[in-house]
Amino acid sequence: MSRPDVADRRLLSVRDLRLRVGGEAHDVVRGASLDAARGEVVGIAGESGSGKSLTLRAIAGLLPTGVTVAGGDIEVDRVDVVKAGPQTLRKLRGATVGMVFQEPMTALNPTMRIGRQIAEAALAHGDLSRSQAKARAIELLERVGFPEPARRYRQFPHQLSGGMRQRVVIAIALAGNPSLLLCDEPTTALDATVTLRILDLLTDLVRDLGIGIVFVTHDLGVAARICDRIAVMYAGQVVEEGPTAELLRRPRHPYTLALLRAVPTRDRDIDGLRAIPGNPPQRGEELPGCAFAPRCEYAEPACRSEIELVPVDDDRSTSCRRHSVLAAMAGGHHD
Amino acid sequence: MAFARFFVSRLLQAVPVLLGVTLVVFVLIHLVPGDPAQTALGPRATPDAIDALHSQWGLDQPLHEQYLLFMERLLGGDLGTSLRFGQSAGDLIAARLPVTLWLIVYAAVLACLFAVPLALWAASRPAALRDRVVRVISVVGLGVPGFWLGLVLIEVVSVNWLLLPAAGVEPGFLGHMESLFLPSLTIAAGMTPLVVRSLRAEVLRVTESDFVTTARAKGLTPHQIRMRHLLRNALAPSVTVLTVNVSFLIGGTLVIERVFGLGGLGDLMLTGIDARDFPLVQAVTLVLAVLVVFVNVLGDLAQALIDPRVEVQ
């Protein structure tokens, strides 16, 4: 977990984050920890309801109404997001943290020209004049891959395809020169070829602008393509974290392994896919110990007691107490 | 221009509606039980007078001939001659139309001026005290009859405070602004609650939209989000509510016109009905119907101005 080489490039640090929905007595995110640095893409992978999107929203201080931070710390570029007031958060959003959303069809204001939506984001922070903001918007449109950006400036969202809209959303997120881009399943609503182009665009941005990206996805294939590191979330907790290649080749948590086996690949037909037995825990279910234990083929009675994310190898960590069994077994496991 | 094309196409779509209106207005005279000429002239009319009126109105012709004649006159700008006034119905209407139009536009503007801030204010804290206050005001506004409110306003503002004229219309723009304020306010009081309700609900709905989250993620201030992103997107359904209400208002201003002695179109209509003045009633009905169609075209235009997607559909 400790990576001294990136300490000075550190952008984001989430520690033991707990998120609570309304007045319910339990938390939907139960002690999630995460780090991200400039120039790297950190993925949060997990199934629906694992709390990955809420964790991302919390980083920008944009939790939906009714969801509150019940514990833990979030630090973005030395700003304490949990304790920050509305003013500080507003300055953080756009200027330090940009957000890319899942649904490009609804993330843009249907009644405003796309150029103005970008220019408005540029105006919100820098001290640009109106014409400078417009020039910046046109420049951003070009940056995210619009041919004829000056003409496209005047278009409305409904005149664009989903992929192009997502590019506009990315341009908006970039307008305030943020150092951290939060992407909430940005390719889920797009088809496969468009997905690849958007992923390439994001990779280019990391390389050219030196920004950091936190990338939430349920798709390990997408995560494998873009992420330098992946944190796998299950039932509101990070169960495993590590460099993408290592983590996918030799998972150190049975849940990661199960997810991998559920991914269709070229040489694995539909019958070769393995669904994960059982269901994720219900909201409010008591979860002493490992939340995955009831569905886990490696579980032992001790798994039902206290667990924590512990370092394994150099820069990986897992919450599975039986990770050594997995490591031994996965020696022969190649995917 | 896409917008000009949209405008023209909406106007063309209104043509069949207007044709339908002329048919209904034409048939109007035959819907009255008994002989229309007899009804118009009263029980003591001589058969000669009735015959004369028959041929004047063309009632001795076959029905389709009558309609063609009616349309021929209409397209020539002849709305018929009033029996009661012995004057061209067109001239009578032209003299009274401005006051009614003033009243409607004035009331609609006032209603918007009240409704937009009230709705935004209420929606900014749903279920809070301010929201409930606005709701109570709305219910009261809806429940108070216009003629009563008009009389109370005359009594308080004009008679007791001597602030505004109690009746009649003063000449000139400022004169109109002043003398039509109370009647317009009376009408607006009934219209505002409906607009407030729809706008408040719509603002709350749009607040939950993804693009509002995008706007927040940009780091915009709440005020910027409200003005640039919320209001415009929440406005479209309220424009529909306003359009429908203004449509009802056309021809529905007669009570207020009577209370304030304004002598507008509604007043003329009432006079025509009282006097069994068929040509006059037909003419006023036709003009009111055209106005309603026109207001609806304007409403569609407003929708297209607010939401660029409307043009495409």
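Predicted, not measured: the structure shown is a model, and the values here were computed from it.

Analysis parameters
- Positions within a chain are numbered from 1, following the residues in the order the chain's sequence is written.
- Chains carry letters and ligands carry numbers; both start at the beginning, A for chains and 1 for ligands, and go up in the order they are written.
- Since the coordinates come from a predicted model, pLDDT governs what is reported: local features require at least 70, and pairs of side-chain atoms require 80 or more to be given and counted, while whole-chain, interface and lining totals use all residues.
- Secondary structure elements are defined from DSSP: runs of H or I of at least 4 residues count as helices, runs of E of at least 2 residues count as strands, and each element is numbered from the N terminus.
- Each radius of gyration reported is based on C-alpha atoms, and the globular scaling rule is 2.2 Å times the count of residues to the power 0.38.
- Note on burial: count the other C-beta atoms lying within 10 Å of the residue's C-beta; 20 or more is buried, 12 or fewer is exposed, in between is partly exposed, and C-beta positions come from the backbone.
- Whether two residues are in contact is decided by their C-beta atoms, placed from the backbone, lying within 7 Å.
- Ten residues, namely Ala, Val, Leu, Ile, Met, Phe, Trp, Tyr, Cys and Pro, are considered nonpolar, four, namely Asp, Glu, Lys and Arg, are considered charged, and the remaining ones, Gly among them, are considered polar.
- A strand pair is defined by DSSP finding two or more bridges across the two strands.
- Fitted lines through C-alpha atoms give the axes, limited to the stretch in contact for helices. The angle between two N-to-C directions lies from 0 to 180 degrees.
- For classification purposes, angles smaller than 35 degrees are called roughly parallel, those larger than 145 roughly antiparallel, those between 65 and 115 roughly perpendicular, and all remaining angles oblique.
- Helix crossings get a hand from a simple test, with the near helix turned counterclockwise from the far one by less than a right angle marking a left-handed crossing and a clockwise turn marking a right-handed one.
- Each nonpolar core reported here comprises buried Ala, Val, Leu, Ile, Met, Phe, Trp, Tyr and Cys residues connected via C-beta atoms within 7 Å.
- The quantity called pLDDT is the predictor's confidence in a given residue, expressed from 0 to 100.

Draft legend 1. Examining the overall build of chain A more closely. Scanning chain A from N- to C-terminus turns up eleven helices and twelve strands. Scaling as 2.2 N^0.38, a compact globule of 335 residues should have a C-alpha radius of gyration of about 20 Å, and chain A matches this with 20 Å. Taken along its principal axes, the extent of the C-alpha atoms in chain A is 65 × 45 × 40 Å. Buried positions account for 45% of the 335 residues belonging to chain A. Partitioning the contacts of chain A with sequence separation of at least 6, the portion at a separation of at least 24 is 64%.

Draft legend 2. Broad picture of the overall build of chain B. When helices and strands are counted, chain B shows 15 helices and zero strands. Here the C-alpha coordinates of chain B stretch approximately 80 × 55 × 35 Å along the principal axes. For chain B, contacts bridging at least 24 residues in sequence account for 70% of all contacts bridging at least 6.

Draft legend 3. Representation of the interface of chain B and chain A in the model. The partner chain A presents 24 residues to the 19 residues of chain B that form the contact. Contributing elements (two or more residues each) for the side of chain B that touches chain A: α10 (210-217), α11 (222-249) and α15 (309-312) of chain B. For the side of chain B that touches chain A, the leading source of residues is α10(B), giving six residues. Of the residues that constitute the side of chain B that touches chain A, the class distribution is six nonpolar, seven polar and six charged.

Draft legend 4. Here's a closer look at α10(B). Across the eight residues that make up α10(B), a large majority, six, are buried. Lining the buried residues of α10(B) we find α2 (86-95), β6 (97-100) and α6 (162-174) of chain A together with α11 of chain B. Of the residues one or two after α10(B), B:G219 is the one with positive phi, at around 90°.

Draft legend 5. View of the sheet that holds strand β1 (residues 10-21) of chain A. Residues and elements named next belong to chain A. Across the sheet, which stays open at both edges, the four strands sit in the order β2-β1-β4-β5 with antiparallel pairing between neighbours. Single-partner strands in this sheet number two, and they are β2 (27-37) and β5 (79-80). Of the strand pairs in this sheet, strand β4 (residues 67-76) and β5 are connected by two bridges, and their pairing is antiparallel. Pairing of V76 across the sheet is with V79, part of β5. Along the sheet, helix α1 (residues 52-59) contacts β1, β2 and β4; its crossing angle with β1, the most-contacted strand, is approximately 120°.

Draft legend 6. A look at unusual backbone geometry. Residue and element names in this part refer to chain A. Positive phi values are uncommon outside glycine, yet D16 reaches one of about 45°. Relative to the elements of secondary structure, D16 occurs in strand β1. Positive phi outside glycine occurs at E185, with the angle close to 45°. Looking at where E185 falls in the secondary structure, it is placed in the loop between β7 (180-184) and α7 (192-209).

Draft legend 7. View of the packing of helix α5 (residues 89-124) of chain B against helix α14 (residues 278-306) of chain B. All names here are of chain B. One can describe the packing of α5 onto α14 by two numbers: an axis separation of 9 Å at closest approach and a directional angle of 50°. One way to sum up the angle between α5 and α14 is to call them oblique. As for the relative orientation of α5 and α14, their crossing is right-handed in sense. Where α5 abuts α14, its residues A89, G90, L92 and I93 lie against P279, L280, A283, V284 and V287. Here the contact of α5 with α14 is composed, by residue class, of eight nonpolar, one polar and no charged.

Draft legend 8. Region of interest: the environment of B:Q303. All names here are of chain B. In this structure, Q303 sits in helix α14. Q303 sits 66 residues away from P237 along the chain, and the two C-alpha atoms are 8.6 Å apart. Contacts of Q303, omitting those with residues within four sequence positions, involve A236, V239 and V310.

Draft legend 9. The nonpolar core, seen in detail. Judged by nonpolar contacts, the single largest core of 95 residues is most densely connected at A:I59, A:I118, A:A171, A:L182 and A:V214. By residue number, the principal contributor to this core is α6(A), which donates eight residues. Excluding anything up to four places from it in sequence, A:L182 contacts A:L56, A:I59, A:A60, A:V97, A:M99 and A:V214. Counting 59 residues, the second largest nonpolar core, distinct from the first, contains B:A37, B:L185, B:V246 and B:L286.

Draft legend 10. Quick peek at the sheet that holds strand β10 (residues 237-243) of chain A. Residue and element names in this part refer to chain A. Taking strand neighbours across the sheet as the criterion, the eight strands line up as β6-β7-β8-β3-β9-β10-β12-β11 in an open arrangement whose pairing is mixed. Every other strand in the sheet has two partners, leaving β6 and β11 (310-312) as the edge strands with one partner each. Shown here is a sheet whose adjacent strand axes are inclined to one another by a mean of 25°, direction ignored. Where β6 lies against β7, four bridges are found, and the strand directions are parallel. Paired with G98 across the two strands is L181, which belongs to β7. Sheet strands touched by α6: β6 and β7. Its angle to β6, the strand with the most contacts, is close to 170°.

Draft legend 11. Layout of the confidence of the model for chain A. Taken over all residues, the pLDDT of chain A has a mean of 88, while the share at 70 or more is 93%. Within chain A, strand β3 (residues 41-45) of chain A carries the highest mean pLDDT (96), whereas helix α11 (residues 323-330) of chain A carries the lowest (78).

Draft legend 12. Examining the pairing of β4(A) more closely. All names here are of chain A. Examined bridge by bridge, β1 and β4 share eight bridges and lie antiparallel to one another. Following the sheet pairing, V14 is matched in β4 by I74. Linking β4 back to β5 in an antiparallel pair, the connection comprises two residues, with D77 at a positive phi of about 50°.

Draft legend 13. Fine view of the packing of helix α3 (residues 114-123) of chain A against helix α4 (residues 130-143) of chain A. Residue and element names in this part refer to chain A. Viewed as axis vectors pointing N to C, α3 and α4 meet at an angle of 115°, and their least axial separation amounts to 8 Å. Between α3 and α4 the crossing geometry is right-handed. Contacts from G115, I118, A119, A122 and L123 of α3 reach α4 at A133, K134, R136, A137, I138, L140 and L141. Within the contact of α3 with α4, the residues separate by chemical class into nine nonpolar, one polar and two charged.

Draft legend 14. Structural detail: the confidence of the model for chain B. Residues and elements named next belong to chain B. Averaged over chain B, the pLDDT score is 87; the fraction of residues at 70 or greater is 98%. Element-level pLDDT for chain B is lowest in α15, with a mean of 71, against a maximum mean of 94 in α10. If you check the scores for this complex, the pTM reads 0.83 and the ipTM reads 0.87.

Draft legend 15. Just the pairing of strand β9 (residues 229-234) of chain A, in detail. All names here are of chain A. Buried residues dominate β9, accounting for six of its six residues. Across the two faces of β9 the burial is the same, with R229, A231 and M233 and I230, V232 and Y234 all buried. Sheet topology note: the β3/β9 ladder contains four bridges and is parallel. Within β9, the position partnered with V42 by the bridge is R229.

Draft legend 16. Main features of the environment of A:E300. Mapping A:E300 onto the fold places it in the loop between α10 (254-261) and β11. Residues A:E300 and A:R321 lie 21 residues apart in sequence; the distance between their C-alpha atoms is 9.4 Å.

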